[in-house]
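Fold and contact review
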Amino acid sequence: MTRLLTRTRLRLPRLRPRAAAAALAAAAALLLPVAGLQPAHAADVRTCDPQGTIAAGDYTIQANEWNSTAQQCLTYSGGTAWSVDTANFGLGTSGAPATYPSIFKGCHWGNCTPNSGLPIQVSKLGSAVSSWSTVQPASGAYDVAYDLWINSTPTTKGQPDGTEIMIWLNSRGGVQPFGGKTGTSSAAGHSWDVWTGQQTSWKIISYVLQGGGTSFNNLDVKALIDDAVSRGSVNSAHYLIDAEAGFEIWQGGQGLATSSFSFSASTGSTGGGDTQAPTAPGTPTVTGTTASSVSLSWPAATDNVGVTGYDVYRGGTLAGSTAGTSFTDSGLSASTAYTYTVKARDAAGNVSAASAAVTATTGSGPGNGGGNGCTATYSNTNDWGNGFTADVTVTNTGTAATHGWKVTWTYGGNQHVTNSWNANVTQSGASVTASSLDWNGALAPSAATHFGFQGTYSGSNGTPTLSCTAS
């Protein structure tokens, strides 16, 4: 989640694509509520400060209202119990939430709780367990979600640069996670829909509980982190620095509450003290090329415990990661030779030697293979005076499937793109270029895909004219 922690430290909002028409299944109790609350305070503690915090023993409760000026008040009643006692937000669900009131343990934008045991390097994480019991009103638009932050270094006072792991216990009102649905998982003994996306400087992976629920008891958070590592969304050399649990609210919100919450993490052996690296993958084979992409596959590596993923290198640069034995590198230059190697990794963070190298040369120009073309349409989906979100629809107008696409435009004002999802978006001056990712560049004739971004501006925010090319 992206939001403000203090009045002086801006966090760029992390936005959602347009919400689905239907919410997740109605909330139902998943497991027994957690017992054993600490004794209540003699008097409740209340804050209506949009960035107010309340100390709760080894935890901190934060108001974290960053995208609204409507009044929100939180009440802390002791132990780890707190509630949203005043809120009546009314934002559209296609943009950012108004707020993320939450309870956290660890270091959140430089604000650290006592006795957290964090940070812990992901490869050295032996256990991470959480219990959370909630109260969810039957109206409004919100999600009930954990937010775990992974950073490349043990500390940061700003935006973590590794991965944001969200665990959605429930939602209503048609809100959706960031990015797009890319799979399912049965990690930690539950069934999840998995959503992934790429912000400008960090990855996001969300686990959405199928059917929804109101509580977890001893949720194996480490199993979900390990699953994210296996999908290439988390670098096991990075650090878990913060664990939050709260409510992203678009509409309503009054009555949301945490009855009890706990989170604990510790170091320990992973994979039974596994220190053995996987074998090197087999030599990659070039399975296809276009003017802007190279597709590869390779024989699997082996490991004494199990291979969890592969990192693909273009020269000495990491081109991407995958849990399987194939990968498409997109956004390349035409008529150019590229050399690739692949490394395997396991759940303990052990990394293999590099595979033998293979060289591939991209095609001579757009339309390689014939029949390719695309159009792009631009829509401002949310605007709050000095910032905005936009959605771009890319449609294949050709007679053959595309392998990749690129959209360019030039702003007429001082708009500046601050983060994006579902595309690689870069900006130089007023000129912006967005190119497909490895999983959304292939479009059948007449098929479409979307990408979005957030930006800032002053003055006017006109709609630019877009140009789209496909390969």
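Up top you'll find the structure we're talking about.
Residues numbered from 1 in each chain as written. Predicted model: local features only at pLDDT ≥ 70, side-chain atom pairs only at ≥ 80, totals over all residues. Heavy atoms only, no water.

A short note on the pattern of salt bridges
Two side chains carrying opposite charge are able to pair once their charged atoms lie near each other. Scanning all chains against the criterion turns up six salt bridges. Two residues, aspartate 85 and arginine 46, come together in a salt bridge whose shortest N-O distance is 2.7 Å. Of this pair, aspartate 85 sits in strand 5 (residues 81-86) while arginine 46 sits in strand 1 (residues 45-47), and the two are 39 residues apart along the sequence. The class for arginine 46 is partly exposed, based on a relative accessible area of 48%. Aspartate 311 serves as the salt-bridge partner of arginine 345, at 3.1 Å between the closest nitrogen and oxygen. One end of the pair, arginine 345, is in strand 24 (residues 337-346); the other, aspartate 311, is in strand 21 (residues 307-314), with 34 residues separating them in the sequence. Here arginine 345 matches aspartate 311 in class, with each residue buried. (Salt bridge = Lys/Arg side-chain N within 4 Å of Asp/Glu carboxyl O. Helix = DSSP H or I, 4+ residues; strand = E, 2+ residues; numbered from the N terminus. Buried < 20%, exposed > 50% of the residue type's maximum accessible area, 1.4 Å probe, protein only.)

Observations concerning the environment of alanine 188
Here alanine 188 is to be found in the loop between strand 13 (180-185) and strand 14 (192-198). On the basis of relative accessibility, which here comes to 21%, the residue alanine 188 falls in the partly exposed class. It is 5.3 Å that separates the C-alpha atoms of alanine 188 and aspartate 220, two residues lying 32 residues apart in sequence. Apart from the residues within four sequence positions on either side, alanine 188 is in contact with Leu219, Asp220, Ala223 and Leu224. (Contact = heavy atoms within 4.5 Å.)

Remarks on unusual backbone geometry
The linkage connecting leucine 118 with the following residue, proline 119, adopts the cis geometry, with an omega of 10°. Examined against the element boundaries, proline 119 turns out to sit in the loop between strand 8 (111-112) and strand 9 (120-121). Positive phi, normally seen in glycine, also occurs at alanine 188, with a value near 60°. Not every positive phi belongs to a glycine, and asparagine 218 is a case in point at roughly 55°. Structurally, the position occupied by asparagine 218 is in strand 16 (residues 215-220).

Digging into the nonpolar core
Counting residues in each nonpolar core, the largest one holds 50 residues, and the members touching the most others are Ile165 and Phe263. In this structure isoleucine 165 touches Tyr146, Asp147, Leu148, Ile150, Ile205, Tyr207, Ile225, Ala228 and Val234, once residues within four positions along its chain are discounted. Counting residues in each nonpolar core, the second largest holds 23 residues, with Ala390, Tyr411, Tyr457 and Leu466 among its members. (Core = buried A, V, L, I, M, F, W, Y, C linked by side-chain atoms within 4.5 Å.)

Considerations on the side chain of threonine 341
Residue position: threonine 341 is located in strand 24. Under the relative-accessibility criterion, threonine 341 is labelled buried at 16%. If we ignore the near neighbours within four places in the chain, the residues touching threonine 341 are Asp311, Val312, Tyr313, Ala354, Ser355, Ala356 and Ala357.

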